[in-house]
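Commentary on secondary and tertiary structure
Residue-level listing of the chains:
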Amino acid sequence: MKQYKQGAFFGYNFVGENSWNGYERKCLFANVGNGQFMDVARPTGTDGIKDGRGVAVADFNGDGKLDLVINNNVRKSGNSLVMKLEGRMPSNRDAIGAQVRLTIAGKTMLRQVEAGSGFASEMMLPVHFGLGGATRIEAVEIKWPSGLVQKFDAAQTNGWINSQVQITEGNAQAIEVRPEQPSRARAFRGGAKTPSI
């Protein structure tokens, strides 16, 4: 603890699940008047040891009292794919309204690019698919706002898992950017076009 207070953060005792900021209990300070504050995290149950990364304050349940939601940085729990779509005329550039169907293990998931996810709320424009333990994407189908449909089969989606893939409407190649190498891009052949029904 003495080393910690002196600024030596390099011991493994201080490394959390995902970062150097792990195993530090959260603080919540209440104004008790006269310029004084008291840490009330423990009695209020907000002193968790998880690696906190953000907090939202609102009356979520409508009871007239402010509530706290704490966002923690959690360990990766499975494979994923992030798809950034870019529309071309007559679709819109952000591909808002595009629908993406992804099939793994015989099951199909649907995501839609949305401009807003609720009142005064927003999601990221790239669509995210949690794939669990899947190591093979069987098929991807994108229906663009223009009505154009692009399809990618298992051979064309090989290597997409745990990547960010950029697809431009009407382009037969997808560009993959791996998270650990954001400056490198690789083209994938695919994206056969079929007219919508």
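Residues numbered from 1 in each chain as written. Predicted model: local features only at pLDDT ≥ 70, side-chain atom pairs only at ≥ 80, totals over all residues. Heavy atoms only, no water.

The next subject is the overall build of the protein. Along the backbone of the protein there are two helices and 14 strands. When the accessible area of the protein is evaluated, it comes to approximately 13,100 Å², of which 53% is carbon and sulfur surface. (Helix = DSSP H or I, 4+ residues; strand = E, 2+ residues; numbered from the N terminus. Areas by Shrake-Rupley, 256 points an atom, 1.4 Å probe, with all protein chains shown as cover.)

Moving on, we come to the environment of M83. Along the chain, M83 falls in strand β5 (residues 79–86). The sequence separation of M83 and I167 amounts to 84 residues, and the corresponding C-alpha distance is 7.3 Å. Discounting chain neighbours no more than four positions away, the residues touching M83 are V100, P126, V127, F129, V140, I142, W160, V165 and I167. (Contact = heavy atoms within 4.5 Å.)

Pairing is possible between side chains that carry opposite charge, provided their charged atoms lie close to one another. One pass over the full model with this rule turns up three salt bridges. With a closest N to O distance of 2.6 Å, E86 and R88 form a salt bridge. Where E86 meets R93, a salt bridge forms, and the shortest distance between an N and an O atom there is 3.3 Å. Owing to a relative accessible area of 12%, E86 belongs among the buried residues under this scheme. (Salt bridge = Lys/Arg side-chain N within 4 Å of Asp/Glu carboxyl O. Buried < 20%, exposed > 50% of the residue type's maximum accessible area, 1.4 Å probe, protein only.)

All right, on to the pairing of strand β7 (residues 107–112) then. Inspection of the sheet shows strand β6 (residues 99–104) paired to β7 by six bridges, in the antiparallel sense. The residue bridging I104 from the neighbouring strand is K107, located in β7. Remark: two residues form the turn of the hairpin made by β6 and β7, two consecutive strands paired antiparallel; A105 in that turn has positive phi of roughly 50 degrees. (Pairing = 2+ DSSP bridges.)

Attention now moves to unusual backbone geometry. Cis rather than trans, the peptide bond between M89 and P90 has omega equal to 10 degrees. Tracing the chain through its elements places P90 in the loop between β5 and β6. For A95, which is not a glycine, the phi torsion comes out positive at approximately 60 degrees. For A95, the location among the structural elements is in the loop between β5 and β6. Residue A95 is classed as buried on the basis of its relative accessible area, which comes to 0%. Positive phi, normally seen in glycine, also occurs at A105, with a value near 50 degrees. Of note, A105 is situated in the loop between β6 and β7.

Before going further, it helps to spend a moment on the confidence of the model for the protein. On average, residues of the protein score 78 in pLDDT, and 71% of them are at 70 or above. Averaged pLDDT values for the elements of the protein fall to 42 in strand β14 (residues 192–194) and rise to 96 in β6. Every residue in residues 180–185 scores below 50 in pLDDT, and together they form six contacts with partners more than four places removed in sequence or on other chains. Confidence drops under pLDDT 50 across residues 189–197; counting only partners more than four residues distant or on other chains, this segment forms 26 contacts. (pLDDT = per-residue confidence, 0-100.)

Moving on, we come to the environment of D59. Positionally, D59 belongs in the loop between β3 (52–58) and β4 (67–72). Sequence-distant contacts of D59, that is, excluding residues within four places in its chain, are made with G64, K65, L66 and D67. Of the polar contacts made by the side chain of D59, one reaches the backbone nitrogen of D63; its length is 3.1 Å. (Polar contact = N/O pair within 3.5 Å; in protein donor to acceptor, adjacent residues only side chain to side chain.)

So, about the nonpolar core. By size, the foremost hydrophobic cluster in this structure holds 24 residues, and its most contacted members are M83, L131, W160 and I167. Listed by contribution, the elements that provide at least two residues to this core are β5, β6, β8 (127–132), β9 (139–143) and β11 (163–168). (Core = buried A, V, L, I, M, F, W, Y, C linked by side-chain atoms within 4.5 Å.)

Next up on the list: a nonpolar patch on the surface. A contiguous nonpolar surface patch, about 470 Å² in accessible area, is contributed by V55, V57, L66, L68 and I70. On the secondary structure map, L68 appears in strand β4. On the accessibility criterion, L68 (40% relative accessible area) is partly exposed. (Patch = residues over 30% accessible without salt bridge, like charges linked within 9 Å, V, L, I, M, F, W, Y side chains within 5 Å.)

Let us look at the environment of K26. If you trace the backbone, K26 turns up in the loop between α1 (2–5) and β1 (29–33). Using a relative accessible area of 17% as the deciding quantity, one classes K26 as buried. Distance from K26 to T46, taken between C-alpha atoms, is 6.7 Å for residues 20 residues apart in sequence. When neighbours within four sequence positions are excluded, K26 is seen to be in contact with A41, T46, D47, G48, I49, K50, G52, I70 and N72.

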